[in-house]
Amino acid sequence: MTVKALQQISTGRNGVGAFILQCKKMDIHYCDWAGSSRGMNGFIKSILPQFAAAHPQIEFTVSPRPSKHPIIVGHYINGREKAICVRNMEPLQILKKAELLRDASGEKLKRVTKPVQSINDSVRGVWSPYHGNGMQV
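Residues numbered from 1 in each chain as written. Predicted model: local features only at pLDDT ≥ 70, side-chain atom pairs only at ≥ 80, totals over all residues. Heavy atoms only, no water.

We count it as follows: UniProt positions are given in the numbering used here, feature names are shortened, and annotations may be inferred rather than shown by experiment.
Per an unreviewed UniProt entry, the protein carries the name Large ribosomal subunit protein mL43 and comes from Diplogelasinospora grovesii. The Sequence similarities (unreviewed entry) field of the UniProt record for the protein holds the comment "Belongs to the mitochondrion-specific ribosomal protein mL43 family." Its UniProt record gives the protein the following Subcellular location (unreviewed entry) comment, quoted word for word: "Mitochondrion".

Encoded structure:
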């Protein structure tokens, strides 16, 4: 008996088998002098070490940006980047924004026209009132 190879190549889907985090790098920019960076400085000193240790697959860079508002920039594996300004925010609010960038896919936001989208065809097929035997009323 001979062994036959599969005719079809499986398509990779994120979350099936292994999950790959879409965010690959986060740049954190702050100012030492400005008052709008007070929350960012507290975030860098207290929360960022635990957040970075919990996510070793993301590269974190912290750099000063004098006389500018603090921002967090997320770089994604699809080549896009998203920036969020975190001026005058508390450290826990900045953590929420960092988690938002971590969980984002990097894709542009688009309007959802149908509530359900699937790449698999329906098992039952598309319903139409013209299929099957008509009902007598």
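Let's talk about the pairing of strand β3 (residues 71–76)
Successive residues of a regular strand alternate their side chains across the two faces of the sheet. Applicable threshold: Each residue is assigned to one of three classes by its accessible area relative to the maximum for its type, calculated with a 1.4 Å probe on protein chains only: buried under 20%, partly exposed between the two thresholds, exposed over 50%. Here a helix means four or more residues in a row that DSSP labels H or I, a strand means two or more in a row labelled E, and each is numbered from the N terminus. Strand pairing requires that DSSP identify at least two bridges connecting the strands.
Along β3, 6 of the 6 residues are buried, which leaves the element largely enclosed by surrounding structure. Taking every second residue as pointing to the same face, both faces of β3 are buried, with Ile 71, Val 73 and His 75 on one and Ile 72, Gly 74 and Tyr 76 on the other. As paired elements, strand β1 (residues 23–30) and β3 share 6 bridges and run antiparallel to each other. Within β3, the position partnered with Asp 27 by the bridge is Val 73.

Some details on the packing of helix α1 (residues 38–54) against helix α2 (residues 91–103)
Rules: Here an angle of 0 to 180 degrees is reported between the N-to-C directions of two axes, which are lines fitted to C-alpha atoms, with helices fitted over the stretch in contact. Put simply, angles under 35 degrees are roughly parallel, angles over 145 are roughly antiparallel, angles from 65 to 115 are roughly perpendicular, and the rest are oblique. The sense of a crossing depends on the near helix, which, turned anticlockwise from the far helix by less than a right angle, makes the crossing left-handed and, turned clockwise, makes it right-handed. Contacts were defined at the residue level, with two residues in contact if any of their heavy atoms lie within 4.5 Å.
The interhelical angle for the contact between α1 and α2, taken along N-to-C directions, is 55 degrees, at an axis separation of 9 Å. The orientation of α1 with respect to α2, classified from their angle, is oblique. Between α1 and α2 lies a crossing whose hand is right-handed. Between α1, through Gly 39, Met 40, Gly 42, Phe 43, Ile 47 and Phe 51, and α2, the contact on the second element is made entirely by Pro 91, Leu 92, Ile 94, Leu 95, Ala 98, Glu 99 and Arg 102.

Brief notes about the sheet that holds strand β4 (residues 81–85)
Judged by pairing direction, the sheet is mixed, and its 4 strands sit side by side in the order β2-β1-β3-β4 without closing on themselves. Because the sheet does not close on itself, it has two edges, and the strands there are β2 (59–64) and β4. The mean angle between the axes of side-by-side strands here comes to 15 degrees, regardless of whether they run parallel or antiparallel. Strand contacts of α1: β1, β2 and β3, with the helix running at about 160 degrees to β1, the strand carrying the most contacts. Packing of α2 onto the sheet brings it into contact with β1, β3 and β4, and relative to β3 it is tilted by some 15 degrees.

Section: the pattern of salt bridges
Test applied: Put simply, a salt bridge is a Lys or Arg side-chain nitrogen that is within 4 Å of an Asp or Glu carboxyl oxygen.
Using the criterion set out here, one finds 2 salt bridges in the structure. Asp 103 is paired through a salt bridge with Arg 102; the nearest N and O atoms lie 2.8 Å apart. Judged by its relative accessible area of 54%, Asp 103 falls in the exposed class.

Section: α1
As a reminder, the rule being used: How far a helix is expected to stretch is found by multiplying one less than its residue total by 1.5 Å. One axis fitted to the seven residues ending at a residue, another fitted to the seven starting there: the angle between these axes is the bend at that residue.
For α1, spanning 17 residues, the distance from its first C-alpha to its last is 24 Å, which sits close to the expected 24 Å at 1.5 Å a residue. Of all bends in α1, the biggest is about 55 degrees, found at Ile 47, and the proline Pro 49 comes one to four residues later. Here α1 has its buried residues at Gly 39, Met 40, Asn 41, Phe 43, Ile 47, Leu 48 and Phe 51. On the buried face of α1, the contacting elements are β1, β2, β3 and α2.

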